[in-house]
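Observations on the model geometry
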Amino acid sequence: MPEITLPEAKPAYEWVNGRALQKVSPKRKHAMAQIAFAAALDRWARATGAGVAGTEWRFRIAPPGEVRRPLVPDVAFLSYKRLPYKAMEVTDEPRIAPDAVIEVKSPGDRPSDIAEKVRIYLASGTHVVFLVDPSTRVVSVCDARGEQWLNDKGIITHPALPGFRLAVKTLFELPRPK
């Protein structure tokens, strides 16, 4: 199967809807939601020994019968069940989809590009995609069963991340000075 390769750059490029898209440098709300989700997921992954969480981690994935392409989720979790520890030690750019993906929406994101990323991830083996929208303070949980929405009073959980819990509101709260 052919593979799309893109130049190394900062921010990184992704291949979405037949074109190269450069990741957007996030603003405060995006950065806060990303770091809060990443920190919580990293704490859970380390405590359970279930796998690895990372930010801006490039994956080279392909839905069945489609071209392999680079995607760079804002946050990702890849389990040791899917990529064993010894393989993870030597793999910088996995050729399998992460178990869980977190994408934080930016104002300029096209809905068609977001929908295409969700489709690619789920078709490639990702169990859940969390779409975080700082402007509405809503998290969309997308998986094989469909999509559900959590407002800032909700708690993020999913069977793909057993025991992981994160209050939606923590993604959007500005820390108060002491």
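See above for the structure.
The sections below set out a description of the structure shown in this document. (Residues numbered from 1 in each chain as written. Predicted model: local features only at pLDDT ≥ 70, side-chain atom pairs only at ≥ 80, totals over all residues. Heavy atoms only, no water.)

In terms of nonpolar packing, the biggest core is built from 28 residues, with Phe37, Leu41, Phe130, Val132, Ile156, Phe164 and Leu171 touching the most fellow members. Only helix 1 (28-48), strand 6 (75-79), strand 7 (100-104), strand 8 (128-133) and strand 9 (138-143) provide two or more residues apiece to this core. Apart from the residues lying within four places of it in its own chain, the contact partners of Phe37 are Ile102, Phe130, Val132, Ile156, Phe164, Leu166 and Leu171. Core analysis: the second largest hydrophobic core is formed by 17 residues, Phe59, Met88, Ile114 and Tyr121 among them. (Core = buried A, V, L, I, M, F, W, Y, C linked by side-chain atoms within 4.5 Å. Buried < 20%, exposed > 50% of the residue type's maximum accessible area, 1.4 Å probe, protein only. Helix = DSSP H or I, 4+ residues; strand = E, 2+ residues; numbered from the N terminus. Contact = heavy atoms within 4.5 Å.)

Time to look at helix 3 (residues 111-124). Since the α-helix advances by 3.6 residues per turn, residues separated by three or four positions end up pointing in the same direction. Under the 1.5 Å per step criterion, the end-to-end length of helix 3 is 20 Å for 14 residues, consistent within 8% with the ideal 20 Å. Within helix 3, the full set of buried residues consists of Asp113, Ile114, Glu116, Lys117, Val118, Ile120, Tyr121 and Ser124. (Expected span 1.5 Å × (residues − 1).)

Moving on, we come to the pairing of strand 6. Among the 5 residues in strand 6, 5 count as buried, and that is most of the element. Neither face of strand 6 is exposed, since Val75, Phe77 and Ser79 on one face and Ala76 and Leu78 on the opposite face are all buried. Bridge count between strand 3 (residues 51-55) and strand 6: 5 bridges; the pairing is antiparallel. The residue bridging Val52 from the neighbouring strand is Leu78, located in strand 6. (Pairing = 2+ DSSP bridges.)

With that out of the way, let us pick up helix 1. The first and last C-alpha atoms of helix 1 sit 30 Å apart over 21 residues, in line with the 30 Å expected at 1.5 Å per residue. Taken residue by residue, helix 1 has His30, Met32, Ala33, Gln34, Ala36, Phe37, Ala38, Ala40, Leu41, Trp44 and Ala45 as its buried positions. Residues of helix 1 that are buried sit in contact with strand 3, strand 6, strand 7, strand 8, strand 11 (155-156) and strand 12 (166-167). Just downstream of helix 1 lies Gly49, where phi reads positive at about 65 degrees.

For the rest of this paragraph, the subject is the packing of aromatic side chains. With the rule as written, the count across this model stands at 6 aromatic pairs. Plain terms: the ring middles of Phe37 and Phe164 are 6.0 Å apart, the flat faces sit at 15 degrees to each other, and that makes the pair stacked. In this pair, Phe37 is assigned in helix 1 and Phe164 in the loop between strand 11 and strand 12, connecting sequence segments 127 residues apart. Both residues of the pair, Phe37 and Phe164, count as buried. Aromatic pair Trp44 and Phe164: ring centres 6.1 Å apart, planes at 80 degrees, arrangement edge-to-face. Here the residue Trp44 occupies a position in helix 1, and Phe164 occupies one in the loop between strand 11 and strand 12, the gap between them amounting to 120 residues. You'll find Trp44 and Phe164 in the same group, each marked buried. Each member of the aromatic cluster is reached from another via a ring pair, and the members are Phe37, Trp44, Phe77, Phe130 and Phe164. (Phe/Tyr/Trp six-rings, centres within 6.5 Å; stacked < 30°, edge-to-face > 60°.)

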